[in-house]
Amino acid sequence: MTEPDSTHRPAYTLIIYWGCTLLGLALPLLTTVSVDMVKHHQLFRQAFHQLRLHLFAPGYNLFLIAVPFILFAVFTLFHLGLVPSQDHRLASRRRAGILVATLGLVGLSTWTQVMTLWYPDA
Amino acid sequence: MQSILSQRQIWQNLGGLGLLTVLLGLVDWQHTGPRAVLGLIEDLHGDDVQAQALAAMHLGHIGPAARPAIPALLTIATASSSSYPRTSAAGALPTIDLSAARQAMAVWLPRHQDSNPQTRRDAAATLSALGPVAKPAVPALVMFLKDQGMGTRERATRALGSISLPIDAIMRGLIEALRDPEWTVRYAAVTQFSFSGFSSPESLAVLHDLTKDSNQTVARSAQSAVATAERPMQVSVYSLMLNQGTNRTYTLHQLAKLGPHAAGALSGIASILTAEQPLERYLAACALEEIGLMAKVAATALQRTLQDTDPIVREAAGATLQSIENKKSQTP
């Protein structure tokens, strides 16, 4: 059995770490623009203008949605980053676990945000 | 044993995250609070009505530090033909400057006699947005309740609920609206009792009758209003909210609606006469006036408020002291 190249492992950890952080920051912006375009039939330019207007308005703390993503990213950094480089079995189990958790977090957050914005009064 | 990431790599990435957080914090800091005022004034001068409305709401949130925006806000609150930016600008003025809010009120008040029904509806809606600072407009709004136009009566009812001071005149107006032949006006009046904390034995009797209203929406709301009146919020809860300092404007407004029943929170209300926000000081003086004779223990604090920097607060404190004196002389 061939072991995976250990040089790929830091890249995987760092992709999850920075991916989660940036996706957490961008997801509310992307869902807001997408829902405006699909539900309200706005052009991208109009949807982006709406986003800009609301970005720093009172009661619209869009960046706060990134907090769970950032906490998860920090957890990932330690959970994957501190695995002994020779322990391939432990590393692959943790990678799989983190991947499932990441997909679950992104899916749940996207679904919650879209459903909230899609609500008739929103 | 060597790990996938070295300690140094972990700390470098955490540092990068810290840097990104600081950068975003700086961007947020630059676009909120007093720093945002100039950009928001530009939005007020633009053509986009939604941008104007959001900018007005943002400025209202900033409070007295948004004073440079008063001329633009006044222009929109008194002259804009679009309802959304106009009511948003009117709603922002009281937290920024009470006198400016009164100026907007003075422009709209004579329009209740305008021959155009749309102007009368706009007047009622704008006075409603001004909230308790539009207290001197209450007699005119009560006149609106006799208007031929159903839309004007409905907006006037909502305006009375929004201003809610002085409580006696407001209650008389709302009870009149509960008996309106048009269901939308009755519904607007009932919702004031369901959600805004108004209650009196007379209104409760009318609300009981309305639980059998031919309109199901009114009947269901009346049932909700009766249920709300049967379990009113305790004054001690409002006292706690005052002590915690969260949303004091709302708390003081609710206490003022309780009238003499708010006497349990007297010391908390009196302490706000020296608060930083003029709107809070104004509402504290108004709440003391509604409490009546029992508020005489706060007379010394009210006397000091006669020297307040804000003329509207001084006026409210003077009216409260006068009201207490009148009630004293009527008591044997």
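Another aspect to go through is the overall build of chain A. From N to C terminus, chain A includes 4 helices and 0 strands. Seen in sequence order, chain A has helices and strands lined up from the N terminus as α-α-α-α. The proportion of buried residues among the 122 residues of chain A is 20%. Sequence separation of at least 24 residues holds for 69% of the intrachain contacts in chain A that already meet a minimum separation of 6.

Attention now moves to the overall build of chain B. Each helix and strand counted, chain B has 19 helices and 0 strands in total. Among the 332 residues that make up chain B, the fraction classed as buried is 47%. For chain B, the proportion of contacts with a sequence separation of at least 24, taken over those separated by at least 6, is 66%.

The subject of this paragraph is the domain arrangement of chain B. The domains assigned to chain B are domain 1 (100–232) and domain 2 (235–330). Taken together, the contact between domain 1 of chain B and domain 2 of chain B spans 8 residues of the former and 10 residues of the latter.

In this structure, Leu-73, Leu-93 and Ala-287 of chain B are the most contacted members of the largest nonpolar core, which totals 99 residues. Considering every element that reaches this core, the biggest residue donor is helix α17 (residues 278–291) of chain B, with 9 residues. Judged by nonpolar contacts, the second largest core, of 14 residues, contains Ile-16, Phe-72 and Val-83 of chain A together with Leu-5 of chain B.

Another point: helix α19 (residues 311–330) of chain B. Residue and element names in this part refer to chain B. For α19, which comprises 20 residues, the first-to-last C-alpha distance of 29 Å matches the rise-based estimate of 28 Å (1.5 Å per residue) to within 8%. Listed in full, the buried residues belonging to α19 are Ile-312, Val-313, Ala-316, Ala-317, Thr-320, Leu-321 and Ile-324. Next to the buried residues of α19 lie α6 (98–108), α17 and α18 (299–305).

Okay, the environment of Gln-113 of chain A next. By the element assignment, Gln-113 of chain A lies in helix α4 (residues 88–118). Beyond its immediate sequence surroundings of up to four residues, Gln-113 of chain A is in contact with Leu-27, Pro-28 and Thr-31 of chain A.

Looking now at the interface of chain B and chain A. On the side of chain A, 20 residues touch chain B, which itself brings 20 residues to the contact. For the side of chain B that touches chain A, a count of residues per class yields 10 nonpolar, 9 polar and 1 charged.

Moving on: the packing of α6 of chain B against α19 of chain B. Residue and element names in this part refer to chain B. Viewed as axis vectors pointing N to C, α6 and α19 meet at an angle of 80°, and their least axial separation amounts to 7 Å. Considered as vectors, α6 and α19 are oriented roughly perpendicular to each other. Judged by residue contacts, Leu-98, Ser-99 and Arg-102 of α6 engage Pro-311, Ile-312 and Val-313 from α19. Among the residues making up the contact of α6 with α19, the classes are represented as 4 nonpolar, 1 polar and 1 charged.

Here the focus is the environment of Leu-258 of chain B. Checked against the element boundaries, Leu-258 of chain B lands in helix α15 (residues 248–258). According to the C-beta neighbour criterion, Leu-258 of chain B is buried, with 22 such atoms within 10 Å.

With that out of the way, let us pick up unusual backbone geometry. For residues other than glycine, phi is negative in most cases, and the peptide bonds are mostly trans. A cis geometry characterises the amide bond from Leu-165 of chain B onward to Pro-166 of chain B, with omega recorded as 0°. When you line up the elements, Pro-166 of chain B lands in the loop between α9 (150–163) and α10 (167–178). One non-glycine residue with positive phi stands out, namely His-41 of chain A, at about 55°. As for its position among the elements, His-41 of chain A is in the loop between α1 (8–39) and α2 (44–54). Accessibility expressed as a C-beta count within 10 Å gives 9 for His-41 of chain A, which makes it exposed.

This paragraph deals with the confidence of the model for chain B. Overall, the prediction assigns chain B a mean pLDDT of 92, with 99% of residues at 70 or greater. As a predicted assembly, this complex carries a pTM of 0.84 together with an ipTM value of 0.87.

Glancing now at the packing of helix α5 (residues 83–96) of chain B against α6 of chain B. Residue and element names in this part refer to chain B. Packing of α5 against α6 leaves a shortest axis separation of 6 Å and a crossing angle of 145°. Contacts from Ala-90, Leu-93, Pro-94 and Ile-96 of α5 reach α6 at Leu-98, Ala-100, Ala-101 and Ala-104. Residue composition of the contact of α5 with α6, grouped by class: 8 nonpolar, no polar and no charged.

Next up on the list: helix α1 (residues 7–31) of chain B. Residue and element names in this part refer to chain B. The end-to-end C-alpha distance of α1 is 36 Å, a good match for the 36 Å that 25 residues give at a rise of 1.5 Å each. Counting buried positions along α1 yields 1 of 25 residues, so the element is predominantly exposed. Within two residues after α1, Gly-33 carries a phi angle of roughly 70°, on the positive side.

This part is about the confidence of the model for chain A. Segments scoring low in pLDDT should not have their predicted coordinates read at a detailed level. For chain A, the average pLDDT comes to 88, and 93% of its residues sit at 70 or higher. Across chain A, the secondary-structure element scoring lowest on mean pLDDT is α2 of chain A, at 88, and the one scoring highest is helix α3 (residues 67–81) of chain A, at 95.

Below, the discussion takes up the environment of Leu-108 of chain A. All names here are of chain A. Position of Leu-108 among the secondary structure elements: in helix α4. Using a count of 11 C-beta atoms within 10 Å as the deciding quantity, one classes Leu-108 as exposed. Distance from Leu-108 to Gln-50, taken between C-alpha atoms, is 24 Å for residues 58 residues apart in sequence.

What counts, and where the lines are drawn
Residues numbered from 1 in each chain as written. Chains lettered and ligands numbered in written order. Predicted model: local features only at pLDDT ≥ 70, side-chain atom pairs only at ≥ 80, totals over all residues. Helix = DSSP H or I, 4+ residues; strand = E, 2+ residues; numbered from the N terminus. Buried ≥ 20, exposed ≤ 12 C-beta atoms within 10 Å, placed from the backbone. Contact = placed C-beta atoms within 7 Å. Domains from an automatic or database assignment. Core = buried A, V, L, I, M, F, W, Y, C linked by C-beta atoms within 7 Å. Expected span 1.5 Å × (residues − 1). Nonpolar A, V, L, I, M, F, W, Y, C, P; charged D, E, K, R; others polar. Axes fitted to C-alpha atoms, helices over the stretch in contact; angles between N-to-C directions. Parallel < 35°, antiparallel > 145°, perpendicular 65-115°, else oblique. pLDDT = per-residue confidence, 0-100.

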